[in-house]
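Each chain is listed here by its residues.
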Amino acid sequence: MAKIVATTGNSAMAYAMKQINPDVCAAYPITPSTQVMEEFSKYVADGVVNTNLVTVESEHSAMSACIGAAAAGGRVLTATSANGMALMWEMLYIAAGMRLPIVMALVNRALSAPINIHCDHSDSFGARDSGWIQLYSENAQEAYDNLIQAVRISEHPDVRLPVMVCQDGFIISHSIERMEYLEDDEVRKFIGDYKPMYALLDIDKPVTLGSLDLQDYYIEHKRQEAEAMKLATPVITAVAKDFEKMTGRAYGLFETYHLDDAEVGIVAVNSAAGTIKEIIDQYRRKGIKVGLLKPRLYRPFPTEAYVKALGHLKAITVLDRVDSFGAMAGPLMLEVRAALYDLPKRPVTIGKIYGLGGRDLEESHCQYVIDELVQIAASGKYRELCEYITVRE
Amino acid sequence: MANLKELSKRPDGFSPGHRLCAGCGIPIIPKLLYKVTDYDIVVASATGCFEVATTIYPYTSWLKPFVHSAFENAAATISGVEAMYQSLKKQGKIPANRKLKFVAFGGDGGTYDIGLQSLSGALERGHDIVYICYDNGAYMNTGIQRSSATPYGASTTTSPAGKVIPGKMQRRKDLTNIALAHHIEYAAQTAVSHWNDLATKLQKGLDIDGPAFICVMSPCVPGWMYPSDQSIEVTRMAVETGYWPLFEMDHGVFRVNYRPKQKLPVADWLKLQGRFRHLFRPEYTYVIEEIQRQVDDYWEYLAHMEQAFPAPPK
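Residues numbered from 1 in each chain as written. Chains lettered and ligands numbered in written order. Predicted model: local features only at pLDDT ≥ 70, side-chain atom pairs only at ≥ 80, totals over all residues. Heavy atoms only, no water.

## Brief notes about the overall build of chain A
What chain A contains, in helices and strands, is twelve helices and 16 strands. The dimensions of chain A, computed from C-alpha atoms along their principal axes, are 70 × 55 × 45 Å. Expressed as a percentage of the 393 residues in chain A, the buried residues total 59%. A sequence separation of at least 24 residues applies to 81% of the contacts in chain A between residues at least 6 apart. Of the roughly 15,500 Å² that chain A leaves accessible, carbon and sulfur atoms contribute 52%. Placing the 39 positive and 51 negative side-chain charges of chain A at their respective mean positions leaves the two points 5 Å apart. (Helix = DSSP H or I, 4+ residues; strand = E, 2+ residues; numbered from the N terminus. Buried < 20%, exposed > 50% of the residue type's maximum accessible area, 1.4 Å probe, protein only. Contact = heavy atoms within 4.5 Å. Areas by Shrake-Rupley, 256 points an atom, 1.4 Å probe, with all protein chains shown as cover. Lys, Arg positive; Asp, Glu negative; His and termini not counted. Charge placed at Lys NZ, Arg CZ, Asp CG, Glu CD.)

Take a look at the structure:
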């Protein structure tokens, strides 16, 4: 029986962690994800979880302890944001390279400098090459649902890769929304027991983990990691199907909104999608055929599925809440544009950088984007391949 | 403590065939570690000579569970392993009678310098671990760069003896006493030249339910520059000259475990090693005098510690 609550994105993630009941959780406080660990610490203090909580002295040690704990052979979760994740950077790659199923609640926040505690996606998008699966969440419900599904995805024998579940700092993490919680036993049944393939604590079957791997083997192991990423896509779909059976809430590789019959479209992850949907409704009432693709998955990048969903459009604007300084455009735009390249008749694809450091994406910004898309669709020409919006210039 | 003959018959946890240099002091430590105890041990190691020379895929020297993740985090990694053990044990997923122990290894670079924060965190949190620093006094794995464990006056590739600077001009960090400041039950300094002292300290560290820290002087042939059959002698001389005192803090009692019968001048240790050769030029006599002053000063400090933390009256 679902329980309807009004709660924040952070509380939703903490509640999912409580229901997952990991064996070990190692974490370090950082705004805006701190509350996830505060609330989870309370669950530990009250004895409602079996988790051994390791309150480490830095995020680098948080991920290191998660790696040790996962290698030991149990279920491991953590939470962080921005600079905290940046301090984990080295260990992110190691967690993935060691093929350890660690799940991270990432509350997206801008990277310094200038120091800023508000939302953008420079943390997770910067980690796109680290070997972590990345699931994005528009709201608290999705953050909660994704975190529960992440456990199954991460531990799947074909995958065995860490997963980060991303939600927007403050915009979602600190805003109260209506959402539905599952019962504890539903979650526990859904995620099942974890049986590691190799465990340090299995003294009778000793293993050496984290070996020195030179020219004669390294690339084969990286090739296997790449294969695991590929295999993750069908696993993510299958886990979503099971989740839908239990909850009625459908998840795929992405969500579309009025996209099938659209002529122009926007691509955006996380909370911006909520605002965009609202503005799409306005334009649809005026008869303008605009739609949205909201990726749930950025890593692995499900190229074929995105091409299939977007290929019929005349023009697309991809919104990046992150800049890849000096690049042609934002990282999501570049990948979407590249994915569409092989189509005989491909959409004109441009990008916008928006919302850095928590700047709001407002109605007028979305209207500007759609008005421009309509013009591009008519003329086939664009003014600028990538520009900043939501900025004073 | 068993004698050497008895120890040699006990099962090994660390096998030969590794690629550590001839004369390297490090392998003595894991060999003794597995032999002195009946505990099942899980080891984590920092990146460094020890790790790269014993785990070259697809081979391993580790007959027991071993994990390496990065350079600066052996203490955090073993914290995670130990935390998982405690969790699974509490949940009944590991039989109650299965007692495991957890050991982390790091070199001096990975412990004194880049791993200090991670070590401090692990000691403060009170994990049931033994952290062993094999201290060869420089970043040997990357080619002999100075660390904060490098002795005053030593020539390394980043503190070379030059025309105006006679090697490293900073005193060694006193890591064992930093570990002590975490008020842990056991912290000790020992050396591979004194197997009995080393074995006893490993045993004591393992027997404690909580964190223990052991700093082991471990000689390095290419870094210290001496013939590879002289490792034990060179290390023994560090102890005999008082450069490397053997001491411990054991449940609040501070003991100097070995007092040389006749404390030899530190120059007797320095002259055995190429890294100090430049100090014997007449213009650098003052550096040797400074090292001697530091040694004498440190023994005074140890005397104060013994007075401050005496054994309880019998």
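## Re the interface of chain A and chain B
With 41 residues of chain A at the interface, the matching set in chain B holds 42 residues. Roughly 3,100 Å² of surface becomes buried between chain A and chain B when both sides are summed, with 64% attributable to carbon and sulfur atoms. Among the residues of chain A in contact with chain B, A:Leu201, A:Ile203 and A:Leu212 are the three that bury the most area, contributing 21% of the side total. For A:Asp23, the salt bridge goes to B:Lys93, with nearest N and O atoms at 3.5 Å. Summed over the shared surface of chain A and chain B, the number is 16 residue pairs in polar contact (both at pLDDT 80 or more). Elements with a minimum of two residues in the side of chain A that touches chain B: β3 (52-55), α3 (59-72), α4 (82-97) and β9 (208-209) of chain A. A total of nine residues in the side of chain A that touches chain B trace back to one element, the largest contributor, which is α3(A). Classifying every residue of the side of chain A that touches chain B gives 21 nonpolar, 14 polar and six charged. (Buried area = accessible area lost by both parts, 1.4 Å probe. Salt bridge = Lys/Arg side-chain N within 4 Å of Asp/Glu carboxyl O. Polar contact = N/O pair within 3.5 Å; in protein donor to acceptor, adjacent residues only side chain to side chain. Nonpolar A, V, L, I, M, F, W, Y, C, P; charged D, E, K, R; others polar.)

## A look at the domain arrangement of chain A
Residue and element names in this part refer to chain A. As far as domains go, chain A holds domain 1 (3-247) and domain 2 (254-388). Each of domain 1 and domain 2 has a C-alpha centre, and the two are 28 Å apart. Both faces considered, domain 1 and domain 2 share a buried interface measuring about 2,200 Å² in area, 56% of it formed by carbon and sulfur atoms. If you sort the residues of domain 1 by the area they bury against domain 2, Phe125, Arg128 and Glu138 come out on top, with a joint share of 30%. Applying the counting rule to domain 1 against domain 2 returns three salt bridges. Where the side of domain 1 that touches domain 2 is concerned, the elements lending two or more residues are α5 (122-126), β6 (133-136), α6 (140-155), β7 (163-168) and α8 (218-247). At five residues, α8 tops the list of elements feeding residues into the side of domain 1 that touches domain 2. Along the lines of polarity and charge, the residues of the side of domain 1 that touches domain 2 split into 14 nonpolar, eleven polar and six charged. (Domains from an automatic or database assignment.)

## Here's the deal with the sheet that holds strand β12 (residues 290-295) of chain A
All names here are of chain A. Spatially, six strands are ordered β10-β12-β11-β14-β15-β16 in an open sheet, and the strand pairing comes out mixed. Edge strands, defined here as strands with exactly one partner in the open sheet, are β10 (254-257) and β16 (386-388). Pairs of neighbouring strands in the sheet enclose a mean axial angle of 20°, with direction left out of account. Inspection of the sheet shows strand β15 (residues 348-353) paired to β16 by three bridges, in the parallel sense. What sits directly across from Lys352, in β16, is Glu387. In the packing of helix α9 (residues 272-285) onto the sheet, the strands contacted are β10, β11 (264-267), β12 and β14 (315-320), and the crossing angle to β12 comes to about 165°. Strand contacts of helix α11 (residues 331-339): β11, β12, β14 and β15, with the helix running at about 150° to β14, the strand carrying the most contacts. (Pairing = 2+ DSSP bridges. Axes fitted to C-alpha atoms, helices over the stretch in contact; angles between N-to-C directions.)

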